[in-house]
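Residues per chain, in single letters:
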Amino acid sequence: MFNNGFQLTKFFISSFYSKPKQPMLKVVLIIAFFYLFLQLMTINIAIFYLGDTKEFIFYNYLISNLLVYLLVIYFSISLVFHYYEYGILTHLPIAPRKIIISKILSIIFVLTVVSAVIQIPSILLLGFKTKFTELIKLVLLVPISNILTILLILFILSLINSFRHYFVNKTAYLVVNITITFLITAMVCYSVLHYVGKHLTFNNLKLDFTTLITLKNSLSNVINQIYELVLKTPFIGNVLTTFTSGDFSYLFVIDLLGMIGLSALLFILIVKINSIHYFKNGTIEVNQSSSKKTKVYHVESVWANYFQRELWVINTEAYFKMQLVLGTVLSPILTLILLFSFQAGWISEIINITKPGYFEIYFAYAVLIMSCINNTSGTPFSREGKYYYLINSLPLNKKKIYFSKVFLASIPSGIAVIVSFIIFMLFGYMNMGAFLMMIIILMLVYCYNLLTPVFDMLNPSTEWENPSVAVKSNPNVLVSLLFGLPILVVVILTHFILLWAGFSIGVSTITIFLITVLITFCVYTWFTKLYFSIK
Amino acid sequence: MLKITNLKKGYGSKQILNGVELHVKKGEILGFVGSNGAGKTTTLNSITGILEPDEGTITINGIIKSGSTKYKKQFFFIPDTIHVFKNISGFDWIRFVMKLYDNDQTERMKHFITQFDMEEAMYKPMGTYSYGMLHKMMLIVGFTINPPIIIMDEPLNGLDPKSVLTFKKAIKLYIEEGGTVFFSTHLLDIAEKICNTVAILKDGKIILHEEIDKVVGENTLETIFMEKQNV
């Protein structure tokens, strides 16, 4: 039976990835992975040469746990608590406890391996310079602390999952999950910022860009100050001292055993909580899918009918609806956090925005990035799933389908942009320049939404069973960025080049406005007049 | 073998099963027929644990339906829509299921793999399989592990003519070895040839469960079915 448990874990691990069929996608994925790997390696090497070994070990824990934290939130919602395996396993003679154990082991395995791969340069660097004990500490503690992070998040989400049957529908359940994870992140960030803000003035953390030497020294100072501050934190500081010091003490053994013990306890609790409700929650999932009802509006307009069709596609999966909700609310929420931080003086001390009119521009582009980051416009054809063939077999107008998809993606993004600027206004920052920037951002979002679905239209990934594979885990998302981002980058760069060249805020904003109008008109005309005629 | 008593199931305000009563005996090849939406799949899903019925009891070999592995070892289920781990090969999947049923019969597995022309496909990821290949793979699993009863939802969908023939032979062998088959189908002519009993489901109730020879007589199953549907 142990062998079978191992097999099932292997099956779950295999579900974490889907090999793309198109060579272009394979290349993009490889480049993306190496890019991430190189970035993290560069950070590791920089910290290694800027700080001492203790600081290097500390930042390694921090970076790997941060990465694992972000990944576990994503995978636990889209895979661990998704019940995608319910239809595969529920009629087989296998106990729910074993299914849950295999699922948890699979996520622990995948995330610790990802974290370990990123640690390879660190271990090599430590091997050159440092003591054997420090190397052993890093090799032991990074995976153990990663596992504890994974299990803590899974435990919290398991508690929500145990109330799954109280949720009226799956969308509500998913939104609650996302909200809770977001709140946990916000609480952690707030506590850290509050603690750091109380004990350390941000002026001391400023970087000096005068020469390379001053930059190196100021960076080294920042790394050292944050580390020293964390060491002073009650409890965490004590644990960290034993973990980063160059010798083995009895406290280190106690801390290590404590972490392993806590992880074991969390593991047992997660398995228990989820096993009890496995059939109940799985059945709810099937029942909710069977009784799904979609509203049909009898409308005359052809465009309205095409748009209605898009709403039906969104309505097929709770995950799609959740993405739509997130796309609408994420930008305003982040705007609130940004503006509160600005008013508290945290941001203004780090990035000195003294020139009038600059804050509006920074804010506008931040809203643009936030609206585009969580936008699902890159995979609208993949979302059609097994019904995609209808687009080709029914006498539907492909241009109208394309534009209704663009329209559907633009509505939540547009609302997000407008609400963010209303919040901006309520904080007392709105002026004519900011209003013009809002119009620019709205046009750029539309442009982005026009360009990002192109690759997905030509290469839809429709053979999915888990809806997260159709949206965020879809490799087409990465390629869609290649289509959409260049225009945003060009416009933002042009704006800052104009400002750097000495143009006033007003002249540069009006110039960018005219450029954006021209780009939007050209892209729109290309699609309406040329693209579909060629096709 | 399989006993269903007063099975009721609804989705929201819509009642699908209105007290299904059915007793399938050992050695039966039961063709479970009914119009679209009559509740065939709901019945099968309720037996196999995918759905929890609102009322009623189900027993297989005297074991009352529950989430226990003991109950689930009494049957193997082939659903109409087959969900799989897409990156896993058919071969790995069969080995896994054989171990779950404590029934490691490699030679028997190889025999059915050859019979269903799946030698090459078994080593490929199941995500690359066609609809018909997935059905063939599940039939191989079912006939290999040889459980007391095989339950199938539209098993002939997507099968090529040779596979249908293999399916008939495999069922014959399985029954000779003491098995029981319970499958839903819309293909009445094939059901007439393969099955020894038939059950008709209408408006969430069994309106007929009889030996096929007694039911058909001089007519065809198609005629009888249409009569029972009052068409």
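Residues numbered from 1 in each chain as written. Chains lettered and ligands numbered in written order. Predicted model: local features only at pLDDT ≥ 70, side-chain atom pairs only at ≥ 80, totals over all residues. Heavy atoms only, no water.

As named in an unreviewed UniProt entry, chain B is ABC transporter ATP-binding protein, taken from Solibacillus merdavium.

Under an unreviewed UniProt entry, the name given to chain A is ABC transporter permease, and the source organism is Solibacillus merdavium.

Visitor: An account of a nonpolar patch on the surface is requested, with residue identities and associated values reported.
Guide: Taken together, the side chains of A:Leu485, A:Val489, A:Leu493, A:Ile497 and A:Trp500 make up a nonpolar region of the molecular surface, amounting to roughly 560 Å² of accessible area. With respect to the helices, strands and loops of the structure, A:Leu493 is situated in helix 21 (residues 476-500). (Patch = residues over 30% accessible without salt bridge, like charges linked within 9 Å, V, L, I, M, F, W, Y side chains within 5 Å. Areas by Shrake-Rupley, 256 points an atom, 1.4 Å probe, with all protein chains shown as cover. Salt bridge = Lys/Arg side-chain N within 4 Å of Asp/Glu carboxyl O. Helix = DSSP H or I, 4+ residues; strand = E, 2+ residues; numbered from the N terminus.)

Visitor: So what's going on with the environment of B:Ile149? Which residues, and what values?
Guide: Residue and element names in this part refer to chain B. Here Ile149 shows up in strand 7 (residues 149-153). For Ile149, a relative accessible area of 0% puts it in the buried group. Along the primary structure Ile149 and Phe75 are separated by 74 residues, whereas in three dimensions their C-alpha atoms are 4.8 Å apart. Beyond its immediate chain neighbours, meaning those up to four positions away, Ile149 contacts Met1, Leu2, Ile60, Gln74, Phe75, Phe76, Tyr174, Thr180 and Phe182. (Buried < 20%, exposed > 50% of the residue type's maximum accessible area, 1.4 Å probe, protein only. Contact = heavy atoms within 4.5 Å.)

Visitor: For helix 17 (residues 398-426) of chain A, give the residues involved together with the corresponding values.
Guide: Count 3.6 residues to each turn of an α-helix, and residues three or four apart come out pointing the same way. Residue and element names in this part refer to chain A. Compared with the 42 Å implied by 1.5 Å per residue over 29 residues, the 42 Å span of helix 17 between its first and last C-alpha is a close match. Where helix 17 bends most, the angle comes to about 25°, and this point is Ser410, followed within four residues by the proline Pro412. At the N-terminal end of helix 17, a side-chain oxygen is found 2.8 Å from the backbone nitrogen of Lys399, two or three residues along, and the residue is Asn397. Of the residues one or two after helix 17, Gly428 is the one with positive phi, at around 90°. (Expected span 1.5 Å × (residues − 1). Bend = angle between axes of the 7 residues up to and from the residue. Polar contact = N/O pair within 3.5 Å; in protein donor to acceptor, adjacent residues only side chain to side chain.)

Visitor: Run through the pattern of salt bridges, naming residues and quoting values.
Guide: Within this structure, the stated rule accounts for 13 salt bridges over all chains. Residues B:Glu107 and B:Lys110 are paired through a salt bridge, measuring 3.9 Å at the closest nitrogen-oxygen approach. Of this pair, B:Glu107 and B:Lys110 are both found in helix 4 (residues 106-115), three residues apart, which corresponds to roughly one turn of the helix. Linked by salt bridges that have partners in common, A:Arg309, A:Glu310, A:Glu384 and A:Lys405 make up one network.

Visitor: Explain the confidence of the model for chain B to me, and be specific about the residues and the numbers.
Guide: As a general rule, the predicted coordinates of low-pLDDT regions are not to be interpreted in detail. All names here are of chain B. Looking at chain B as a whole, the pLDDT averages 89, with 100% of positions reaching at least 70. For chain B, per-element mean pLDDT is lowest for helix 9 (residues 221-228), which scores 80, and highest for strand 6 (residues 75-78), which scores 94. If you check the scores for this complex, the pTM reads 0.79 and the ipTM reads 0.89. (pLDDT = per-residue confidence, 0-100.)

Visitor: Tell me about the confidence of the model for chain A, residues and numbers included.
Guide: Summary statistics for chain A give a mean pLDDT of 82 and a share of 91% for residues scoring 70 or more. Per-element confidence in chain A is highest for helix 18 (residues 432-451) of chain A, whose mean pLDDT is 92, and lowest for helix 14 (residues 346-350) of chain A, whose mean pLDDT is 58.

Visitor: Pulling in residues and values, what's your account of empty space enclosed by the protein?
Guide: All names here are of chain A. Following the criterion strictly, the structure yields four cavities of 30 Å³ or more and no others. Looking at the second largest cavity, the residues that line it are Val80, Phe81, Tyr83, Ile100, Lys103, Ile104, Asn161, Ile270 and Asn274. Those elements that place two or more of their residues in the lining of the second largest cavity are helix 5 (96-129) and helix 10 (250-276). With three residues, the single largest contributor to the lining of the second largest cavity is helix 5. Class assignment of the residues belonging to the lining of the second largest cavity gives a composition of six nonpolar, two polar and one charged. (1 Å grid on protein atoms, 1.4 Å probe; cavity = no way out; pocket = protein on both sides within 12 Å on 5 of 7 lines; lining within 4 Å. Points joined across faces, edges and corners; volume = space filled by probe spheres on them. Nonpolar A, V, L, I, M, F, W, Y, C, P; charged D, E, K, R; others polar.)

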